[in-house]
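Single-letter residue listing:
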Amino acid sequence: MNRTLYLASQSPRRWELLKNLGLTLLPLASEVDESVLPNERASDYCLRIARLKSQAAQAVKQEQQLTDYPILTADTTVSIDEQILGKPKDAQQAFAMLKQLSGRTHQVFTAVCVSFAGQHLDVVQTSEVTFKCLSHEEILAYIATKEPMDKAGAYGIQQLGGVFIEHLSGSFSGVMGLPIFETSALLKQVGISVL
Ligand SMILES: Cc1cn([C@H]2C[C@H](O)[C@@H](COP(=O)(O)OP(=O)(O)OP(=O)(O)O)O2)c(=O)[nH]c1=O
């Protein structure tokens, strides 16, 4: 049975989650412009970016005449107050994001695309995450760990950020960057069975 795929992602979390499923992963580049379009909804944005990543990766694979394996890409987008929170550019932005999330519920969308043999499959998984009220000191201490810096919404559910999460409705792996349930269903459709 074939268990090999290209993972076009720089996210260590996505590598870890897929490796844990026993899959053989090959890297592939996928550079895209992640700017938000005017009035774009967070779920639409998330799916559009994951699809763009997929198209960029397919182009690289074709250009380099690489072996045919399915290509997987994903995007995780955090949304609150009709706003999209990307990765913070600096500690100040991280502070503002965490302050906005404090004591409230926000949405996390993760879009996953799998392309193989002319098939382009995708799914958007949605979670609702509730943060406890964060004190000024807690936010500063968390930022000092540097954990927020490479993560959408300035937190990581899978690490220290988990301390802030009062409630999650949806998918833990989805918030972390790749929803295992939905991803395994997509992979099955292109002939990769995890079990
Ligand atoms: C909300 C949240 C996000 N994240 C991470 C997952 C993603 O890596 C990142 C969102 O950025 P993405 O643009 O989705 O992904 P990426 O730039 O890290 O990787 P690539 O585009 O190459 O695939 O935020 C966590 O690790 N934990 C969390 O709780």
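As annotated in an unreviewed UniProt entry, the protein chain carries the name dTTP/UTP pyrophosphatase and is attributed to Conservatibacter flavescens. According to the UniProt record, the Sequence similarities (unreviewed entry) comment for the protein chain reads "Belongs to the Maf family. YhdE subfamily." UniProt annotates the protein chain under Subcellular location (unreviewed entry) with the comment "Cytoplasm".

K.L.:
How would you summarise the site of the ligand if you had to cite specific residues and measurements?
P.N.:
Of all residues adjacent to the ligand, which total 22 residues, the nearest are S9, Q10, S11, I157 and G177. Listed by contribution, the elements that provide at least two residues to the shell around the ligand are α1 (12–19), β3 (71–80) and α5 (172–176). Broken down by element, the residue count for the shell around the ligand peaks at 4 residues, all from β3.

K.L.:
Outline the UniProt feature "active site" (unreviewed entry) in the protein chain, listing residues and values.
P.N.:
Within the UniProt annotation, "active site" (unreviewed entry) is assigned to D75. Mapped onto the secondary structure, D75 falls in strand β3. Judged by the 26 C-beta atoms lying within 10 Å of it, D75 is buried. For D75, the contacting residues outside a window of four places in its chain are C46, I49, A50, K53 and A111.

K.L.:
Please set out the pairing of β3 residue by residue, giving values where relevant.
P.N.:
The element β3 is largely enclosed, with a buried count of 9 among its 10 residues. Note: strand β1 (residues 4–7) against β3, 2 bridges, orientation parallel. Considered in β3, the bridge of Y6 is made with I71. In this sheet, strand β5 (residues 105–116) lies alongside β3 in antiparallel orientation, the contact comprising 9 bridges. Of the residues in β5, the one forming a bridge with A74 is V112. Two elements, β3 and strand β4 (residues 83–85), share 3 bridges in a ladder whose sense is antiparallel. Counted as the bridge partner of V78 is L85 from β4.

K.L.:
So what's going on with the UniProt feature "site: Important for substrate specificity" (unreviewed entry) in the protein chain? Residues and values would help.
P.N.:
Here the UniProt feature "site: Important for substrate specificity" (unreviewed entry) sits at R13, T76 and Q158. Taken together, the annotated residues stretch across 146 residues yet fold into one region, lying no more than 14.1 Å apart by C-alpha. Residue placement: R13 occurs in helix α1. For R13, the contacting residues outside a window of four places in its chain are Q158, M176 and G177. Within the fold, T76 resides in strand β3. Every residue in contact with T76, bar those within four places of it in the chain, is listed here: V108, T110, A152 and G177.

K.L.:
Any details on the nonpolar core? Residues and values, ideally.
P.N.:
Core analysis: the largest hydrophobic core is formed by 45 residues, its most contacted members being Y6, C46, A50, L98, A111 and V112. Apart from the residues within four sequence positions on either side, C46 is in contact with D75, T77, F109, A111 and V124.

Rules behind the numbers
Residues numbered from 1 in each chain as written. Predicted model: local features only at pLDDT ≥ 70, side-chain atom pairs only at ≥ 80, totals over all residues. UniProt positions renumbered as here; feature names shortened; annotations may be inferred. Near = placed C-beta within 6 Å. Helix = DSSP H or I, 4+ residues; strand = E, 2+ residues; numbered from the N terminus. Buried ≥ 20, exposed ≤ 12 C-beta atoms within 10 Å, placed from the backbone. Contact = placed C-beta atoms within 7 Å. Pairing = 2+ DSSP bridges. Core = buried A, V, L, I, M, F, W, Y, C linked by C-beta atoms within 7 Å.

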